[in-house]
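Secondary and tertiary structure notes
What follows is each chain in one-letter form.
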Amino acid sequence: MKSVSCSACLLKSKAAKSLDPSELSILGNSCVEATFKKGEIIFKQNALSSNIIYLQTGMVKLIIQGPQRSQILRLKKAPDYLGLPTTMGNKINHYSAVALEETTACFIDIGVFRELLRINSDFSYEIIVELCKNELDQFNRTVKLVQNQIYGRLAAHLLYLSNKIYHSNEFNLPLKRNEIADLVYTSRETVSRILNDLAREDIIHIDGKKVRILNIPILEKISIKG
């Protein structure tokens, strides 16, 4: 880990951009930067947390351990905050975060983060917007998982990767087939079969982990009605 200068950082969050120079100095003095390789754990569920994590670069998967097994909750791509609910909670990590590619993260002292929320209303506003966006995204994902058939759930996942993660119609799947199955609540075999079906119908082109969406309108219809 290394100390950082938030004032000079080119990857500041929208919230951090609302801080004045003295507040940025306070933030920088309470913040350290760390780089994680693919597969490394950034933080673990049930561990005590004294930090808010800001992803500068990279992508992670969030995992929660249930009574019987672990479950992938969602993917998060930089720039983004992790651990915001612990800001006013019990300082316990309620899930784990694992890097899916080389990822750089800033660890911000939770006490300093709370103080900046208290003294800077613009900073607080942007953090609230972030929390609300995450909550609505999770609500929408839950509805699709509960009400859609597997074709719709997998189509929605591909569109999420295209629109929210990579901002491109062509991308590499960041998860293995069994992990995608975990994310959309089905089996690995079903994921492979549906991907092949979508490719056969020229809705997507797939080559190993590389996916290219060929027919967005049809995939969108499947994600809604599937």
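Everything below is about the structure shown above.
Think of each chain on its own: its residues are numbered from 1, step by step along the sequence as written. Only residues with pLDDT of at least 70 get local features here, since the model is predicted, and only at 80 or more are side-chain atom pairs given and counted; chain-wide, interface and lining totals rely on the full set of residues. With hydrogens and water stripped out, all remaining heavy atoms of the structure feed into the side-chain values.

1. Points about the environment of Thr 35
With respect to the secondary-structure elements, Thr 35 resides in strand β2 (residues 31-36). As a C-alpha pair, Thr 35 and Ser 5 span 30 residues in sequence and 16 Å in three-dimensional space. Contact definition: two residues touch when any of their heavy atoms are within 4.5 Å. When sequence neighbours within four positions are dropped, the list of residues in contact with Thr 35 reads Glu 40, Glu 102, Thr 103 and Thr 104. Here a strand is any run of E in DSSP of at least two residues, a helix any run of H or I of at least four, and the numbering for each starts at the N terminus.

2. Some thoughts on the packing of helix α2 (residues 110-119) against helix α3 (residues 121-147)
Contact pair α2 / α3: the axes reach a minimum separation of 5 Å and the direction vectors enclose 110 degrees. In terms of orientation, α2 lies roughly perpendicular with respect to α3. Every residue of α3 that contacts α2 at Phe 113, Leu 116, Leu 117, Arg 118 and Ile 119 is listed here: Ser 121, Phe 123, Ser 124 and Ile 127. A breakdown of the residues in the contact of α2 with α3 according to their chemical character gives six nonpolar, two polar and one charged. Interaxial angles span 0 to 180 degrees and are taken between N-to-C directions of axes, which are lines fitted to C-alpha atoms, for helices over the stretch in contact. Any angle between 65 and 115 degrees counts as roughly perpendicular, while under 35 counts as roughly parallel, over 145 as roughly antiparallel, and the rest as oblique. Ten residue types, Ala, Val, Leu, Ile, Met, Phe, Trp, Tyr, Cys and Pro, are classed as nonpolar, four, Asp, Glu, Lys and Arg, as charged, and the remainder, Gly among them, as polar.

3. A closer look at the side chain of Gln 71
Take Gln 71: it is sitting in strand β6 (residues 70-77). For every residue, the accessible area (1.4 Å probe, protein chains only) is compared with the maximum for its type, and the residue is labelled buried under 20%, exposed over 50%, or partly exposed between those bounds. Residue classification places Gln 71 among the buried residues on the basis of a relative accessible area of 14%. When neighbours within four sequence positions are excluded, Gln 71 is seen to be in contact with Leu 62, Ile 63, Ile 64, Asp 182, Leu 183 and Tyr 185.

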